[in-house]
Amino acid sequence: MPARIDIIIDLPEDMEVHASFGSLLHGFIMEIIDPAWAGVLHSSALKPFSQHILPLGGSMALWRVCALDSRAAENILAPLLDPGLTSIHLKQKNKTMNIKKKEYTELPRYGEMAEYFYLHSVPERKMRLRFRTPTSFKSGGKYQIMPRIDHIYQSIMNRWNAFAGDVRLDGQEVLQHLADHTGMSGYHLKTVSFHLEGVKIPAFAGWADFTVRGPDAMARIANLLLYYAGISGVGIKTSLGMGGVSIGKGFIRTGG
């Protein structure tokens, strides 16, 4: 079962929030979880969690960590929920951030998500996807800094199929139909960089509006995947703070 923890943190006066802090926070997660589980994560091609940090104004920031299955919730979110954890020390910066609040949310199970969008919702045809932290894709060994529709759907579908159990979306045919029936109707994007161990990863941030044509069944799958993107993240390095997104109105909430 997916789950989420939102942590409100207070930064020291001489620190500013930026998305690249996600890589430092990833390091903190690796320090506090069971070493055996850290080994599992290092060997996993698709990580069972996403996380990113966003400024809230002043010295406050929101750190959101989403577990994509029950094992990740148990092994990653549970240590973060420990009442004894009241601060976050970033070794690389030699800085400590105080934790002001924690909020844990159990998210719908995969079957519940699928049932809601397939059977109960009125499918949205126009949706806005907000890329809240630097987002990028890699194809043919090169970074892709524009939100191609097929890349977005493929990224989300890969994570869905990896963790949804028997509620899979199989086949390139589904992906091709989604890409063929979805168009970008507007966007406001800018190029940004994500700093990771001395390397600047080219990326983009902002928002893009998508319009889904064709039968309701296709719109329902698009709705499901874009909703799930708010949990799984989109693109590369979502466990390090990249690809944090949120979706517009008309959905059961992922928050933010």
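Residues numbered from 1 in each chain as written. Predicted model: local features only at pLDDT ≥ 70, side-chain atom pairs only at ≥ 80, totals over all residues. Heavy atoms only, no water.

1. Some thoughts on the layout of surface pockets
At step 1: Estimated volume of the largest pocket: approximately 670 Å³.
At step 2: Where the lining of the largest pocket is concerned, the elements lending two or more residues are helix 1 (21-32), strand 7 (137-139), helix 5 (149-163) and helix 6 (172-181).
At step 3: Considering every element that reaches the lining of the largest pocket, the biggest residue donor is helix 5, with six residues.
At step 4: Each residue belonging to the lining of the largest pocket can be placed in one class, and the counts come to ten nonpolar, 13 polar and six charged.
At step 5: Here the second largest pocket defines a volume of roughly 250 Å³.
At step 6: Together, 14 residues line the second largest pocket, and Arg-132, Pro-134, Lys-190, Val-192 and Ala-205 are the ones closest to its centre.
At step 7: Secondary structure elements with two or more residues in the lining of the second largest pocket: strand 6 (126-135), strand 9 (182-196) and strand 10 (199-212).
At step 8: Ranked by residues supplied to the lining of the second largest pocket, first place goes to strand 9 with six residues.
At step 9: Of the residues that constitute the lining of the second largest pocket, the class distribution is five nonpolar, seven polar and two charged. (1 Å grid on protein atoms, 1.4 Å probe; cavity = no way out; pocket = protein on both sides within 12 Å on 5 of 7 lines; lining within 4 Å. Points joined across faces, edges and corners; volume = space filled by probe spheres on them. Helix = DSSP H or I, 4+ residues; strand = E, 2+ residues; numbered from the N terminus. Nonpolar A, V, L, I, M, F, W, Y, C, P; charged D, E, K, R; others polar.)

2. Some words on the nonpolar core
What tends to happen in soluble globular proteins is that the nonpolar side chains get buried as a cluster.
At step 1: Core analysis: the biggest nonpolar cluster contains 39 residues, and Ile-152, Tyr-153 and Tyr-228 have the highest contact counts within it.
At step 2: Listing elements by their share of this core, those giving two or more residues are helix 4 (110-120), strand 6, helix 5, helix 6, strand 10, helix 7 (216-232) and strand 11 (245-247).
At step 3: With eleven residues, the top contributor of residues to this core is helix 7.
At step 4: With residues up to four places along the chain from it excluded, the contact list for Tyr-228 reads Leu-68, Tyr-110, Met-113, Ile-156, Arg-159, Trp-160 and Phe-163.
At step 5: In terms of nonpolar packing, the next biggest core, distinct from the first, is built from 32 residues, Phe-21, Ile-29, Ile-76 and Leu-85 among them. (Core = buried A, V, L, I, M, F, W, Y, C linked by side-chain atoms within 4.5 Å. Buried < 20%, exposed > 50% of the residue type's maximum accessible area, 1.4 Å probe, protein only. Contact = heavy atoms within 4.5 Å.)

3. Points about empty space enclosed by the protein
At step 1: What the rule picks out here adds up to two cavities of 30 Å³ or more.
At step 2: In this structure, the largest cavity spans a volume of roughly 60 Å³.
At step 3: Taken together, 14 residues make up the lining of the largest cavity; nearest its centre are Ser-50, His-52, Ile-231, Gly-233 and Gly-244.
At step 4: Mapped onto the lining of the largest cavity, the elements with two or more residues apiece are strand 2 (49-57), strand 3 (60-67) and helix 7.

4. Here we look at the environment of Met-97
At step 1: Looking at the element boundaries, Met-97 is found in strand 5 (residues 95-106).
At step 2: Separated by 40 residues in sequence, Met-97 and Gly-57 have C-alpha atoms that sit 15 Å apart.
At step 3: Discounting chain neighbours no more than four positions away, the residues touching Met-97 are Ile-9, Asp-10, Leu-11, Pro-12, Met-15, Leu-25, Ser-87, Ile-88 and Leu-90.

5. A word on the packing of aromatic side chains
At step 1: Scanning all chains against the criterion turns up eight aromatic pairs.
At step 2: Taking the centre distance of 5.0 Å and the plane angle of 85° together, the rings of Tyr-116 and Phe-117 count as edge-to-face.
At step 3: The class of Tyr-116 is partly exposed, set by a relative accessible area of 26%.
At step 4: Overall, Phe-117 belongs to the buried group, its relative accessible area being 1%.
At step 5: An angle of 85° between the planes, with centres 5.1 Å apart, marks the rings of Trp-160 and Tyr-228 as edge-to-face. Linking Trp-160 in helix 5 with Tyr-228 in helix 7, this pair joins segments that are 68 residues apart in sequence. (Phe/Tyr/Trp six-rings, centres within 6.5 Å; stacked < 30°, edge-to-face > 60°.)

6. Comments concerning the sheet that holds strand 9
At step 1: With antiparallel pairing, four strands are arranged side by side in an open sheet as 9-10-6-11. Strands with a single pairing partner mark the edges of an open sheet, and in this sheet they are strand 9 and strand 11. Neighbour-to-neighbour, the strand axes of the sheet open up by a mean angle of 10°, direction not taken into account.
At step 2: The strands touched by helix 6 are strand 9 and strand 10; relative to strand 9, the strand with the most contacts, the crossing angle is about 110°. (Pairing = 2+ DSSP bridges. Axes fitted to C-alpha atoms, helices over the stretch in contact; angles between N-to-C directions.)

7. Re helix 6
Residues spaced three or four apart along an α-helix point in a common direction, a consequence of the helix completing one turn every 3.6 residues.
At step 1: Here helix 6 has its buried residues at Leu-175, Leu-178 and Ala-179. The arc that holds every buried residue of helix 6, seen down its axis, measures 95°, which confines them to one face.
At step 2: For helix 6, the secondary structure elements touched by its buried residues are helix 5, strand 9 and helix 7. (Arc of directions from axis to C-beta.)

8. Some words on the pattern of salt bridges
At step 1: Evaluated as defined, the whole model comprises six salt bridges.
At step 2: Between Arg-128 and Asp-209 there is a salt bridge, and its shortest N-O distance comes to 2.7 Å. Of the two residues, Arg-128 sits in strand 6 while Asp-209 sits in strand 10, which places them 81 residues apart along the sequence.
At step 3: Looking at Arg-128, the relative accessible area reads 28%, which means it is partly exposed. (Salt bridge = Lys/Arg side-chain N within 4 Å of Asp/Glu carboxyl O.)

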